[in-house]
Amino acid sequence: MSEFVGRQWHDMGGQDAGPVVNEDHDFAFWEKRVDALMVIASGTGRFSVDQLRRVLEDMGESAFETMSYYERWIAAINRVLIESGIYTTEELARKLSDVRARGTTYGDCCQSETG
Amino acid sequence: MPHDPPETESPSHGAHVGHLDDFHTPLTYWQTLEIAVRELLIEKGITTGAEIAAAIDSMDRRSPADGARLIAKAWIDDRFRRKLLADGSAAMTEFGLNPAGLRLLAVENTPGIHNVIVCTLCSCYPRNLLGLPPDWYKERAYRSRLVRTPRVVLAEFGLELPAETTVRVHDSTADMRYIVIPQRPAGTTDMTEDELAGLVTRDSMIGVSRASSPRGFRE
């Protein structure tokens with residue numbers, strides 16, 4: 001449909017799509033933690049909602065189709081924190097390998113953690 | 001060694017928001033990233049484990065109940081109803097709720113007009129009144145189609161509107177939020193404010209259903 005040419009993928013109002021699936025899911029703990037990180041990081045003024053939107057929209061349609069909502073959120077939070085200079089990609093890489101070295105489940109990795 | 005999740009992770013107040021136990025399942029890449037980001041933020045002094053636990057707890061406490069109380073108040077108090085329509089954020093503050101810096105626009109259903117809300121660009125939602133949004137609110141089918149074929153989409157929710165009813169679709173932005181004031185159901189003249197709030201469902205405040213009837217059936 002020509003009216004959609006030139007629109008970004010996220011600007012989806014008016015397009016065709018399948019039926020609405022009127023279902024809900026219970027939130028996993030990790031999703032709630034992502035939500036909490038979003039609320040806290042936004043509240044500190046470390047990044048703006050517009051910055052976050054840009055990062056989410058730049059992920060493109062494939063991310064929207066293949067990643068869950070909270071997967072996109074944690075990817076976006078991570079990206080803006082790096083952009084904002086809160087930590088570096090080197091620090092992140094080191095932390096990721098630390099976490100992986102502790103175990104393969106949340107219980108093994110973080111059993112002494114709160115949060 | 002496997003054990004139960006720490007006390008701080010118990011969704012003790014999750015009346016409307018459930019949880020899945022992901023404590024003993026293998027971590028995905030994104031779950032590992034969440035742990036890494038959180039620990040970095042704690043190490044950098046930007047947040048604390050306690051602050052994160054408190055944010056989760058406040059999320060679990062949040063439910064459509066605050067929105068429902070607001071609507072019930074508007075149903076019984078015409079001055080408040082007019083204030084809610086004129087300045088939703090000020091009405092929230094007067095009612096003891098925090099609009100959290102966002103502009104709230106209330107839109108009212110009448111016998112001739114039905115309102116429904118969407119966020120076509122992302123998933124903006126009045127979560128401080130309705131809790132976390134349902135999955136379908138964030139997905140393509142609802143976001144794409146509601147603005148083009150609202151009657152068809154509403155029918156998929158089981159809401160068939162008469163042809164003579166005007167349907168108004170409101171598309172949210174990142175800087176404001178909508179809430180629908182559903183029509184007060186018939187047969188509720190003797191009900192208290194609390195009883196009325198019990199008839200106001202999340203979906204009726206989004207506009208994909210009507211408020212429940214007092215005879216007791218719920219969506």
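Residues numbered from 1 in each chain as written. Chains lettered and ligands numbered in written order. Predicted model: local features only at pLDDT ≥ 70, side-chain atom pairs only at ≥ 80, totals over all residues. Heavy atoms only, no water.

A. How the structure looks around the interface of chain A and chain B. Each partner contributes to the interface: chain A provides 69 residues, whereas chain B provides 67 residues. Counting each side, the surface lost to burial between chain A and chain B is near 6,500 Å², with a carbon and sulfur contribution of 62%. Considering only the surface of chain A that becomes buried against chain B, Val20(A), Phe29(A) and Lys32(A) emerge as the three largest contributors, covering 12% of it. Inspection of the region where chain A meets chain B yields 10 salt bridges. Between Asp35(A) and Arg127(B) there is a salt bridge, with the nearest N and O atoms lying 2.9 Å from each other. At the surface where chain A touches chain B, the tally comes to 22 residue pairs in polar contact (both at pLDDT 80 or more). Listing elements by their share of the side of chain A that touches chain B, those giving two or more residues are β1 (27-28), α1 (29-43), α2 (49-58), α3 (61-66), α4 (69-83), α5 (89-102) and α6 (106-110) of chain A. Counting residues per element, the side of chain A that touches chain B draws most heavily on α1(A), at 10 residues. (Contact = heavy atoms within 4.5 Å. Buried area = accessible area lost by both parts, 1.4 Å probe. Salt bridge = Lys/Arg side-chain N within 4 Å of Asp/Glu carboxyl O. Polar contact = N/O pair within 3.5 Å; in protein donor to acceptor, adjacent residues only side chain to side chain. Helix = DSSP H or I, 4+ residues; strand = E, 2+ residues; numbered from the N terminus.)

B. Geometry of helix α2 (residues 49-61) of chain B. Spanning 13 residues, α2(B) covers 18 Å between terminal C-alpha atoms, matching the ideal 18 Å at 1.5 Å per step. Taken together, the buried positions of α2(B) are occupied by Gly49(B), Ile52(B), Ala53(B), Ala55(B), Ile56(B), Met59(B) and Asp60(B). Viewed along the axis of α2(B), the buried residues span an arc of 160°, placing them on a single side of the element. In this fold, the buried residues of α2(B) make contact with α1 of chain A together with α1 (29-43) of chain B. (Expected span 1.5 Å × (residues − 1). Buried < 20%, exposed > 50% of the residue type's maximum accessible area, 1.4 Å probe, protein only. Arc of directions from axis to C-beta.)

C. How the structure looks around the packing of aromatic side chains. Scanning the entire structure with this criterion turns up 14 aromatic pairs over all chains. A centroid spacing of 6.1 Å and a plane angle of 75° characterise the contact between Phe27(A) and Tyr70(A), whose relative ring orientation is edge-to-face. You can see Phe27(A) sitting in strand β1 and its partner Tyr70(A) sitting in helix α4, a full 43 residues away along the chain. Classification of Phe27(A) by relative accessible area gives buried; the value is 6%. The exposure class assigned to Tyr70(A) is buried, which follows from its relative accessible area of 2%. A ring pair is formed by Trp136(B) and Phe157(B), whose centres lie 4.6 Å apart and whose planes are at 65°; its orientation type is edge-to-face. You can see Trp136(B) sitting in helix α7 (residues 135-138) and its partner Phe157(B) sitting in the loop between α9 (150-156) and β4 (166-171), a full 21 residues away along the chain. The positively charged end of Arg33(A) is found above the aromatic ring belonging to Tyr106(A), 3.8 Å away from the centroid. A cation sits over an aromatic face here: Lys73(B) above Phe80(B), 5.9 Å from the ring centre. (Phe/Tyr/Trp six-rings, centres within 6.5 Å; stacked < 30°, edge-to-face > 60°. Lys NZ or Arg CZ within 6 Å of the ring centre and 35° of its normal.)

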